[in-house]
Amino acid sequence: SQTIHQWPATLVQPVGSPLSLECTVEGTSNPNLYWYRQAAGRGLQLLFYSVGIGQISSEVPQNLSASRPQDRQFILSSKKLLLSDSGFYLCAWSVWTSGDTDTQYFGPGTRLTVL
Amino acid sequence: AQSVAQPEDQVNVAEGNPLTVKCTYSVSGNPYLFWYVQYPNRGLQFLLKYITGDNLVKGSYGFEAEFNKSQTSFHLKKPSALVSDSALYFCAVRDINTGRRALTFGSGTRLQVQP
């Protein structure tokens, strides 16, 4: 069965520091991968998605970036964090198969607090 | 553009009573519709989805949802609520005609089931 991991689970960082959040998926090949941010425990904002290694689509211009160095690894980064980057970051995966809906499955999330 | 509206921030229901969490959507083409549930400080869990066919979709934990094309709605229902159903519920849509893989989420509805 497929599993998705995110780490760290929680992170407290000062303003202006760099960021690296990691997401890995097990039990599947060539997944679509997504990064979402959830602010104030409510709506989800899609940040990036990737359909393959090195292929990243950005949904919202900001000081964050994403990379996919391996098939099942997705990394969210920032060179300098802002206070507004605080939130709950969720990684998700899906696999497109004929007749399927490309259902997304989410990881446990990373709680980021920028002070 | 695709969008989702969850008109109720919170729904309160007594244990054992039926529950409904409302969702309406807007897409230019045909929708794929999803419901997810989120418990505190956790990732989203997939509940059910509508692709095509029968308008009544059954999912996990006794939940079901009814697709109504004329009203562009996809309300989540359960015949008898449990206290353990208390959580944050998200409706999401994908327009299958755009080719865009990412989901658009509603703002979420908090379900509170009283004992």
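Bear in mind the structure is a predicted one, so any value in this text is a computation, not a measurement.

Draft legend 1. A look at the nonpolar core. Residues Trp 35, Leu 47, Leu 48, Phe 74, Leu 76 and Tyr 89 of chain B are the most contacted members of the largest nonpolar core, which totals 27 residues. Of all the elements in the fold, those that place two or more residues in this core are β2 (10-14), β3 (19-21), β5 (31-38), β6 (44-50), β8 (64-68), β9 (73-78), β10 (87-95) and β12 (109-114) of chain B. Core analysis: the second largest hydrophobic core is formed by 20 residues, Leu 21, Val 25, Trp 35 and Tyr 89 of chain A among them.

Draft legend 2. Local environment of the side chain of His 75 of chain B. Within the fold, His 75 of chain B resides in strand β9. In contact with His 75 of chain B, other than residues within four places in its own chain, are Thr 20, Val 21, Lys 22, Cys 23, Trp 35, Glu 64, Ala 65 and Glu 66 of chain B.

Draft legend 3. Seen up close, the interface of chain B and chain A. Between chain B and chain A, the residue contacts involve 25 residues of the former and 25 residues of the latter. With both chains or domains summed, chain B and chain A bury close to 2000 Å², and 51% of this area falls on carbon and sulfur atoms. Ranking the residues of chain B by area buried against chain A places Leu 44, Arg 101 and Phe 105 of chain B at the top, with a combined share of 28%. In this structure, the connection of chain B to chain A is made through zero salt bridges. If you look at where chain B meets chain A, you find four residue pairs in polar contact (both at pLDDT 80 or more). The element contributing the most residues to the side of chain B that touches chain A is β5 of chain B, with four residues.

Draft legend 4. Quick look at the pairing of β12 of chain B. Residue and element names in this part refer to chain B. Residues Thr 109, Leu 111 and Val 113 of β12 are buried on one face, while the alternating residues Arg 110, Gln 112 and Gln 114, pointing to the opposite face, are not. Note that β2 and β12 share five bridges and pair parallel. Residue Val 13 lies in a different strand from β12, and its bridge partner there is Val 113. Where β10 meets β12, three bridges bridge the pair, whose relative direction is antiparallel.

Analysis parameters
Residues numbered from 1 in each chain as written. Chains lettered and ligands numbered in written order. Predicted model: local features only at pLDDT ≥ 70, side-chain atom pairs only at ≥ 80, totals over all residues. Heavy atoms only, no water. Core = buried A, V, L, I, M, F, W, Y, C linked by side-chain atoms within 4.5 Å. Buried < 20%, exposed > 50% of the residue type's maximum accessible area, 1.4 Å probe, protein only. Helix = DSSP H or I, 4+ residues; strand = E, 2+ residues; numbered from the N terminus. Contact = heavy atoms within 4.5 Å. Buried area = accessible area lost by both parts, 1.4 Å probe. Salt bridge = Lys/Arg side-chain N within 4 Å of Asp/Glu carboxyl O. Polar contact = N/O pair within 3.5 Å; in protein donor to acceptor, adjacent residues only side chain to side chain. Pairing = 2+ DSSP bridges.

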